[in-house]
Every structure is written in structure tokens, then in C-alpha cells.
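# Residue-level structural notes
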Amino acid sequence: MPTTYSISDLARELDVTTRAIRFYEEQGMLSPERRGQERIYSPKDLVALKLILRGKRIGFSLAECKELIDLYDPSSGNRKQLETFMGKIAARRAQLEQQMLDIEQMKLELDTAEERCLAALDETEKKQRASV
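As annotated in an unreviewed UniProt entry, the chain carries the name MerR family transcriptional regulator and comes from Pseudomonas knackmussii.

Laid out in C-alpha cells, this is it:
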């Protein structure tokens, strides 16, 4: 594994666009060295980018991803980062479970509305047949 990466190396490795990488850099989430116009990314930047992409997949905001990146400290075994990550995972799971309950409730309300509409249509058809 190389000790440094170009922007195209990172893009290829993680299947993201160079534009996305530059965006995360603008947000202060990546901090490559500069050699003239060239950006040189460290293994820490690779880890940060992996964390951003994983966080996005599970619904974390960029601010939450940035908070986790800022806690990166391999000298401590990343304990604080991992504990914070676990807390965010639990909160996200609870949020998803509530959304699932909300969706189930909405489906029940749609079923009820549909049944009422069908009953009203049936009633309308009966009245039309009776008046003919």
C-alpha cells in the first residue's frame, strides 16, 4: 500500500470522483499536502475518505462525518472515535426504526382511505343503477 496518494489514486481506489474529493477537501475533511498544483494525500486522508463514504451510506450528515474524522487518533486506538461512532449508529438506528413505524402507520391510513373510497364508489354505482 503506498504511503501517499494522488487525487486520481484516491478516486480510483474508492470509486468516487475527483470533484467529490475536492469538495470534501473544501469542507476541511481532507488535508492533502501541496506540491505545486499537485495534491498529495496521506493514509489518514484515505481513512477519512472511507469514513465519509461509509457515513454517507448509513445516513450521517457531513457534519457528523467531520466530527468523527476530527476524533481520529490512532495513538489511542481511536477509542473516542469508536465510542462516538457507536453512539451515532445507535441514534441512526433509532431514527430508522421510528421512520419504519411512521411508514407502517401511513400505510394503514392509506389502506383506510382506499377502503373508504372504494365503498363510496360502490355506493355511487348502486345509486346510479337504482336511478336508471
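The next subject is the overall build of the chain. The secondary structure content of the chain amounts to five helices and two strands. Reading the chain from its N terminus to its C terminus gives the helix and strand order α-α-β-β-α-α-α. Since a compact globule built from 132 residues should have a radius of gyration of about 14 Å, the 26 Å found for the chain marks it as more spread out than a globular shape. Expressed as lengths along the three principal axes of its C-alpha atoms, the size of the chain is roughly 85 × 35 × 25 Å. Of all 132 residues assigned to the chain, the portion counted as buried reaches 26%. Put simply, of all contacts in the chain between residues at least 6 apart along the chain, 48% involve residues at least 24 apart.

Turning our eyes to something else, we now look at the UniProt feature "coiled-coil region" (unreviewed entry) in the chain. Sites flagged by UniProt as "coiled-coil region" (unreviewed entry) map to residues 96–123. Taken end to end, residues 96–123 has its terminal C-alpha atoms 40 Å apart, with 100% of it in helix and 0% in strand.

The UniProt feature table records "domain: HTH merR-type" (unreviewed entry) at residues 4–71. Taken end to end, residues 4–71 has its terminal C-alpha atoms 21 Å apart, with 60% of it in helix and 9% in strand.

What follows concerns unusual backbone geometry. Most of the time, phi is negative for any residue but glycine, and the peptide bond is trans. Not every positive phi belongs to a glycine, and D15 is a case in point at roughly 55°. Considering the arrangement of structural elements, one finds D15 in the loop between α1 (7–14) and α2 (18–26). Although it is not a glycine, N78 adopts a positive phi angle of roughly 60°. With respect to the element layout, N78 can be found in the loop between α4 (62–70) and α5 (79–130). When its relative accessible area of 13% is taken as the criterion, N78 is described as buried.

A word on the domain arrangement of the chain. In terms of domain boundaries, the chain breaks down into domain 1 (1–72) and domain 2 (78–131). Computed over C-alpha atoms, the centres of domain 1 and domain 2 are 37 Å apart. Taken together, the contacts link 11 residues of domain 1 with eight residues of domain 2. Surface buried jointly by domain 1 and domain 2 totals about 900 Å² across both partners, of which 69% is contributed by carbon and sulfur atoms. Among the residues of domain 1 in contact with domain 2, F60, L68 and L71 are the three that bury the most area, contributing 50% of the side total. Salt-bridge contacts for E67 lead to K88; the nearest nitrogen and oxygen are separated by 3.0 Å. At the level of elements, α3 (43–57) and α4 are the ones that each hand at least two residues to the side of domain 1 that touches domain 2. Counting residues per element, the side of domain 1 that touches domain 2 draws most heavily on α4, which supplies four residues.

So, how was this worked out
Residues numbered from 1 in each chain as written. Predicted model: local features only at pLDDT ≥ 70, side-chain atom pairs only at ≥ 80, totals over all residues. Heavy atoms only, no water. Helix = DSSP H or I, 4+ residues; strand = E, 2+ residues; numbered from the N terminus. Rg over C-alpha atoms; globule rule 2.2 N^0.38 Å. Buried < 20%, exposed > 50% of the residue type's maximum accessible area, 1.4 Å probe, protein only. Contact = heavy atoms within 4.5 Å. UniProt positions renumbered as here; feature names shortened; annotations may be inferred. Domains from an automatic or database assignment. Buried area = accessible area lost by both parts, 1.4 Å probe. Salt bridge = Lys/Arg side-chain N within 4 Å of Asp/Glu carboxyl O.

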